[in-house]
Amino acid sequence: MNPYLILSGVGMLLVGAIAPFLWWWKKRIEAKFFLYGLILWIIAISPKYIMDLTLTDPLFSYLKGFGDAVYVILAGLYVGLRTGLLESGLPYLIILKTKIKEINLNQAIAVGIGFGSTEALFLGFSSFMNVLVFLLYPDFINKIPESQREVILQQLNQPSIVIPAPILERTFILVIHVFAILLIFYAIRKADIRYLVTSVLYKTVTDGSIPAFKTYLDLNIPQNIYLVELYFGILALIGLLGIEKIMER
C-alpha cells in the first residue's frame, strides 16, 4: 500500500477550503452566499445518490449487454443529462423562485464557489478517510468481498505520481461549477433560456464522458489518468473564459 496517497485527499480538502477563503478575502463576501452554494449542492446531489443506490447499477448492467459502443453512448447520456438537469436545471428553478436571483456578480461567484467547494470537501474527506482506515487497520482489506478486494488493492497501490491528479480534478471541476452557476444567474438576469441550456449542456459534456473513459481507458495507468484530467482542464479553461466574458458584460 502506498501511504502517500492520503495526500490526494488532503489536497482536495485544501482546494475546497482555500477557494472560498480567497474569494472572501478578496471581495469580503458574506458567508451566507457560500452557504447558498452548499445548500444547492446538497439539493442537486441528493437525487443522484438515490439514483446510484437504486437505478444506476441495474441500468448499466443492462446497457452493457448491447456492447461497448451502445453502452458508452447511452450511459454517457444518462450520466451527463442527469448531472446537467440536476446540477443546473434544479438550481435554476430554486434561484428563480427565491431572492437569491437578486444578488450581484461577486455574490453569484461565491455561490458557485460554495457549490464546487462543498463537493471538493466531501470527496476529499472521503478519499482521506478511505486511505486512513487501511493505513490504521491494514487487515481490514481481508474483510472486503473478494470481488471488490482486487480493485481496492489496485487503487491503494497506485504510484505516487497520481497524487496530484484528484487535486487538479477538483480545481478544474470547481471552475466548471462556478461557470455553470453563473450561466444560471445570467439566464435569469437576461430572461434568456439559452444560457440555462448552455449550463445544462456544459455539465452534460463534463460528466457524460465518464463512461467512455472508464470503458476505453485503463485508469490504473497514470498516463491515462492525466489524459482524463486534461479533458477536464480544457473544460475548465472554457469555463474561465466564460466567467471572464460574463464579468465583462
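Residues numbered from 1 in each chain as written. Predicted model: local features only at pLDDT ≥ 70, side-chain atom pairs only at ≥ 80, totals over all residues. Heavy atoms only, no water.

Engineer: Looking at this model, I keep getting lost on the overall build of the protein. Mind explaining?
Structural biologist: Counting secondary structure elements, the protein contains 9 helices and 0 strands. Listed N to C, the secondary structure of the protein is α-α-α-α-α-α-α-α-α in terms of helices and strands. Over its C-alpha atoms the protein spans a radius of gyration of 19 Å, differing by no more than 12% from the 18 Å that the globule rule assigns to 249 residues. In terms of principal-axis extent, the alpha carbons of the protein reach across some 55 × 45 × 30 Å. For the protein, buried positions account for 45% of its 249 residues. For the protein, restricting intrachain contacts to residue pairs at least 6 apart in sequence, the fraction spanning at least 24 positions comes to 83%. Total accessible area on the protein is roughly 13,400 Å²; 69% of this is exposed by carbon and sulfur atoms. Positive and negative charge centroids in the protein, built from 20 and 17 side chains respectively, lie 12 Å apart. (Helix = DSSP H or I, 4+ residues; strand = E, 2+ residues; numbered from the N terminus. Rg over C-alpha atoms; globule rule 2.2 N^0.38 Å. Buried < 20%, exposed > 50% of the residue type's maximum accessible area, 1.4 Å probe, protein only. Contact = heavy atoms within 4.5 Å. Areas by Shrake-Rupley, 256 points an atom, 1.4 Å probe, with all protein chains shown as cover. Lys, Arg positive; Asp, Glu negative; His and termini not counted. Charge placed at Lys NZ, Arg CZ, Asp CG, Glu CD.)

Engineer: What's the story with the side chain of Gln107 in this structure? I'm lost.
Structural biologist: Its location among the elements puts Gln107 in helix H4 (residues 105–136). Every residue in contact with Gln107, bar those within four places of it in the chain, is listed here: Ile29 and Phe33.

Engineer: I would appreciate a short explanation of the packing of aromatic side chains in the present structure.
Structural biologist: Aromatic ring pairs are defined here through the distance separating the ring centres and the angle between the ring planes. Per the stated rule, a full pass over the model turns up 13 aromatic pairs. The interplanar angle of 50° and the centroid separation of 5.6 Å between the aromatic rings of Trp41 and Phe122 together place this pair among those described as tilted. Note that Trp41 is positioned in helix H2 (residues 31–64) and Phe122 in helix H4, a separation of 81 residues in sequence. Relative accessible area serves as the criterion here: at 36%, Phe122 is assigned to the partly exposed category. (Phe/Tyr/Trp six-rings, centres within 6.5 Å; stacked < 30°, edge-to-face > 60°.)

Engineer: Explanation requested: H2 in the structure shown.
Structural biologist: Helical geometry note: an α-helix holds 3.6 residues per turn, so side chains three or four residues apart project in the same direction. Its maximal kink placed at Asp52, H2 deviates by approximately 55°. The complete set of buried residues in H2 reads Phe33, Phe34, Gly37, Leu40, Trp41, Ala44, Ile45, Lys48, Thr56, Phe60 and Leu63. In this fold, the buried residues of H2 make contact with helix H1 (6–27), helix H3 (68–96), H4 and helix H7 (193–208). (Bend = angle between axes of the 7 residues up to and from the residue.)

Engineer: Is there a simple way to explain the environment of Trp23 in this structure?
Structural biologist: Residue placement: Trp23 occurs in helix H1. What Trp23 contacts, discounting residues up to four positions off in sequence, is Arg28, Ile29, Phe34, Asn106, Ile109, Ala110 and Ile113. For Trp23, the side chain forms a polar contact with the main-chain oxygen of Asn106, separated by 2.9 Å. (Polar contact = N/O pair within 3.5 Å; in protein donor to acceptor, adjacent residues only side chain to side chain.)

Engineer: Before we go on, may I ask you to explain unusual backbone geometry in this structure?
Structural biologist: Among all residues except glycine, the phi angle is most often negative; among peptide bonds, the trans geometry is most common. The phi angle at Arg28 is positive, at roughly 55°, despite the residue not being glycine. Looking at the element boundaries, Arg28 is found in the loop between H1 and H2. Even without being glycine, Ala191 reaches a positive phi, approximately 50°. Here Ala191 is to be found in the loop between helix H6 (164–190) and H7.

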